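Understanding the architecture of this molecule
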Amino acid sequence: MRDAIKIAILFLGLTVSCAWAASDVNTLLLRLETKMSGVKSIETDFTQEKMLSVFNQPIISKGKIFIQKPHLFSWHVRLPVRYTMLIKGDIIKQWDEESNHVQQFSLSRNPGFSIAIAQMKVWFSGAYVSLLKNYAVKIISENPVILEFVPIQSNPAFNLVKGVKVFFEKDERYLREIRIEEKSGDSTILTFSSVKLNMPINPSAWELKPDVQ
Amino acid sequence: MFNKFHSFCNNFISRHKLLVSALIGLAILFSIINLPRIKYDSNIEIMLPANQDILRDMRFLRESGFSDKLVINLKLNDEKQTMQDLILAVDQLTTSIKSPLVKQVIGNISGTNMISEMISFLRYTPQLLRAESFSKIASQITSSGVKERLKFIYRQSLLPGGSFMMPFLRADPLGLFTDILRNIEKISTSLGYDVVVNNGYLISRDGRRAMVILKTPVIMSDGFGARKLIMYLREKLKNLPGFVSADIIGGHIHTISNEDLIKRDLWLTSIIASLAFLLLFLFFFRDLRAVIIFLIPLAAVIISINITYFVFKNLSYFVIGMGTVIAGIAIDYGIYVYIAVRKAGSSQETIRQVIRPVIFGALTTVSVFGVFFFSKVKGYHQLAFLSIFSIMLCLLFTLFILPHFLSKERNNPRTPVARKLTETSSFKVDDRILIFAWIVTMATMIILGTGLKFNNDITQFDGVSKDVLLSEEEFHNAWGGKIMPAVFVVPGKTLADAYQVNTDVYEAVIKNIGKDNFTSFASVWPGVNTRKANELHWQEFWSKEKENEFRKMLTDYSKVYNFSEDAFQPFFTQLHPAGDIEIEPKGLTFFDHLKEQFVLKKENGFQILSFFPDQDKYITQLSAISNNYPGTFLVSRKNFSNKISHALGSELIFLSLLAVCLTVGLTFLLLKDIQLSILVLAPVLTSVIMIAGIIPLAGLSLNIPSIIASMVVVGIVSDYGMFVVYYCKHKFETGVYLAITFAAFTTLIGTGVLLFARHPILFSVGVTLTTGVLSGYLSSLIIIPLLYKFWIPERN
């Protein structure tokens, strides 16, 4: 009888702690979402470090990211090659210095690319509460905030992504770093610096030209 | 002989009036009680010719994957709501649909790992790469070619999501699979819908709409099943949040919308016709017994509907829709007898004076309907049977029963209108002016008739409601897919046979019209012989020397980019596959989806579909190719309409000629005079010319139902001509003009009410019949006496 009571108490305790944890994540995500909702535009430098099994060494690239919520996104790589990518809704335009060709295609027709872009947009959007439907969210640290997102089975990223760790700035208004671990064993670290929030963005950021500094 | 028989019957009925009345009453009562048990059929198929090609196409369209699908178009109505809210509504709807009426609900297609599936499918490259691709591969295995590809792979690795593509690029460093990927993409979108897959949900490009696809076991033409299904879905849609509206798109909704429209038309036209008939008789004749004339065709049609159903086991709504017209025609005989009896008294002599034109009038109409038995269209057989049975029953009631219920006294109708109508024989206007006006009218109508166009598009018979049309327009604006492609169908007893013929057809087609306009499953999965030949080419090309040469180039040039030593090992692992070539891919969702779209399992084998633009030039070219592959056939809406109009056009010419010959023959038999017989045809000619002029004037075009209606007009107006010429010849005082006037009025009530019909077939028939009967009536009363006077003066 005593054992049964112990088990019941233990079970009750587990249930309560799970519920507590869930409400904790919700509260935190809501807080982040509220803070980030004020951000309408972002301009930031980035460094991307990719550890891919196909290469002997990490691949490092540097450039700039511009975001104008809700629809505009541009990704300008300066090193090691010059490359620009613009996203407007479902349409993607790409340019690279070597080929000097502009390529345009639809995200819906490129599943791999589509998943990657969807991932990036999600982390930058700040709409984290809605992510609970597609990810299991774990709080790694509360100060500064570090969250881990693991795709659930119905998420298209489930087959590719093992987990994503998102590191926030102290003021929780924006991201400091994103670490993506893939199921293949490859991983990517994106680090942001010189972040400018809600500042006017140079119109050239939305052009496929290599002159963005 | 006939007079003796008529006298015998009259005496018998006179002696057993009560018994005969009771028997007829019972027959009518039984027929009325049985009416709700009759199974009506709204299927358009019954109105199509029983031509092998047409039936095959129709069967294909009915049994193909298109007819068992419905789409629910969900739309956000509130700007504040987001795509996430829409997705939640899709989830709510899809989980709530649980019914044997729905086989499958597709609201989300996630769970498919396209990249890993493509990598798995890569192993089929040796079987899929066409012989002509090897020259391109050879040009890539050079130092510059390999360097270029490595640079490309390196650049891809820098892109966001580039790492997701790496396993694929490692297994296909030369991009050999690119063409195959392009083919997969092309055939995936062959039905032309513009869908963005967002988290697996089918979302429109503007993000404000979502699509849910339903598969149902209910066939499109099953009116009862379709209604049950749509009612069920509408009930489920009521539970959606207020900010989401939903439309059901699919053939089933057309079926029930057409059925509702025809039912509404039948009720409306029946009520208008009944009221008009009753008012006409009660107002003009002021004789309660006149109601019997109205009841005779009604009873005849009700009994005939039951008998026709008993004979044919089903009854088309379109045939029933002609019921008021048949009643309008069948009532004429009762009117002729009634007016004659009222004018000359109910003696045997009076009946004998009208009996010949009444019988011959009925026979000409019966002969027109009778020719429809020679048609290949089953629906026309029903129409002919129902019409002939109704008319003959009406004739029997009129000749043998009606006179016993009318007053024996001579009693001219006294109403002012009736009096006026009896005076129409004495014209006040100069005869020459009337003839001139008739000629001018005819000339004008002939000129207008030059604008007459024949419309063979079967969609003109679709009387679907405006709401449904608006929903479909909105759906196509958002999702595309409005122009449906034509289909090239390749049948086969086994799947392997079908795949191979499909591949041979594909090869032949792309030589003629190119790849761009022909979407075939063969571009992704060819027949086993072709795949064997492809693999043989592959093995010959990838000799040990070639493999080593390429491996060395990759090792040497990849150092610049720091590629790992085993970076491209996946490519070499599957360079020499050892699987069973006859086994098709298993466990690949994308392949299963494509196969489901292109390959149909039939009772006796398989059918593989390919799609191409529904344009004349392609239909002509591909028909020629189809002729080289026995069993294959094309299905296109345009081609289908052409086949129907071709099959019916030649048949209708034959039937029309037969009807005219029978009408002329019977007229000659009655009048025994060529000149008089020609005069009878004057209203027939007038009606046909007027129909030809009025149809384009009303903005309509000639179609098959209007041609049939024109044939019916020939039968009706030849009766008028026959009566007038018979009167001009014999001068019997049986009130011919008044009788014809009432006969025409009643027929025009029957045909005129069809002008209130919303269904395009009934409306088109209404315009044709009303024009024909009205002009035939006027020319019988005005033109025949004048022509008779001018042409046959010595007989006056």
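Structural notes, computed from the coordinates.

Points about the pattern of salt bridges
In this structure the tally under the stated criterion is 20 salt bridges over all chains. Linking K196 of chain A and E43 of chain A is a salt bridge whose minimum nitrogen-to-oxygen distance equals 3.9 Å. With K196 of chain A in strand β11 (residues 187-197) and E43 of chain A in strand β1 (residues 41-51), this residue pair connects regions lying 153 residues apart in the sequence. Judged by its relative accessible area of 11%, E43 of chain A is buried. With a shortest N-O distance of 2.6 Å, D260 of chain B and R227 of chain B are connected by a salt bridge. Highlighted residues: D260 of chain B in helix α12 (residues 251-285) and R227 of chain B in helix α11 (residues 223-237), separated in sequence by 33 residues. Sharing partners across several salt bridges, the network here consists of E43, D45, K64 and K196 of chain A.

Some points on unusual backbone geometry
For residues that are not glycine, phi is negative in most cases, and the peptide bond is trans in most cases. Here the residue pair L79 of chain A and P80 of chain A is connected by a cis peptide bond, since its omega of 0 degrees sits within 30 degrees of zero. Position of P80 of chain A relative to the elements: it lies in the loop between β3 (72-79) and β4 (83-88). Cis geometry marks the peptide bond from N143 of chain A to P144 of chain A, where omega comes out at -5 degrees. Within the secondary structure, P144 of chain A is located in the loop between β7 (135-142) and β8 (145-151). The backbone phi angle of S194 of chain A is positive, close to 50 degrees, even though this residue is not glycine. Among the secondary structure elements, S194 of chain A is positioned in strand β11. The backbone of K313 of chain B shows a phi angle near 70 degrees, a positive value even though the residue is not glycine.

Quick notes on the packing of aromatic side chains
Residues and elements named next belong to chain B. As enumerated under the stated definition, the model contains 39 aromatic pairs over all chains in all. Taking 5.5 Å as the distance between ring centres and 70 degrees as the angle between the ring planes, the aromatic pair formed by F598 and F611 counts as edge-to-face. One end of the pair, F598, is in helix α25 (residues 589-598); the other, F611, is in strand β12 (residues 605-612), and 13 residues separate them in sequence. With a relative accessible area of 0%, F598 lands in the buried category. Judged by relative accessible area, F611 falls into the buried class, the value being 2%. Grouped by ring-pair contacts, the aromatic residues F121, Y124, F168, F177, Y499, F521, W525, F590, F591, F598 and F611 constitute a single cluster. Of note, K147 hangs over the ring of Y557, and the distance from its end group to the ring centre comes to 5.0 Å. We note K601 situated over the ring of F606; from NZ or CZ to the ring centre the distance is 4.9 Å.

What counts and how
Residues numbered from 1 in each chain as written. Chains lettered and ligands numbered in written order. Predicted model: local features only at pLDDT ≥ 70, side-chain atom pairs only at ≥ 80, totals over all residues. Heavy atoms only, no water. Salt bridge = Lys/Arg side-chain N within 4 Å of Asp/Glu carboxyl O. Helix = DSSP H or I, 4+ residues; strand = E, 2+ residues; numbered from the N terminus. Buried < 20%, exposed > 50% of the residue type's maximum accessible area, 1.4 Å probe, protein only. Phe/Tyr/Trp six-rings, centres within 6.5 Å; stacked < 30°, edge-to-face > 60°. Lys NZ or Arg CZ within 6 Å of the ring centre and 35° of its normal.

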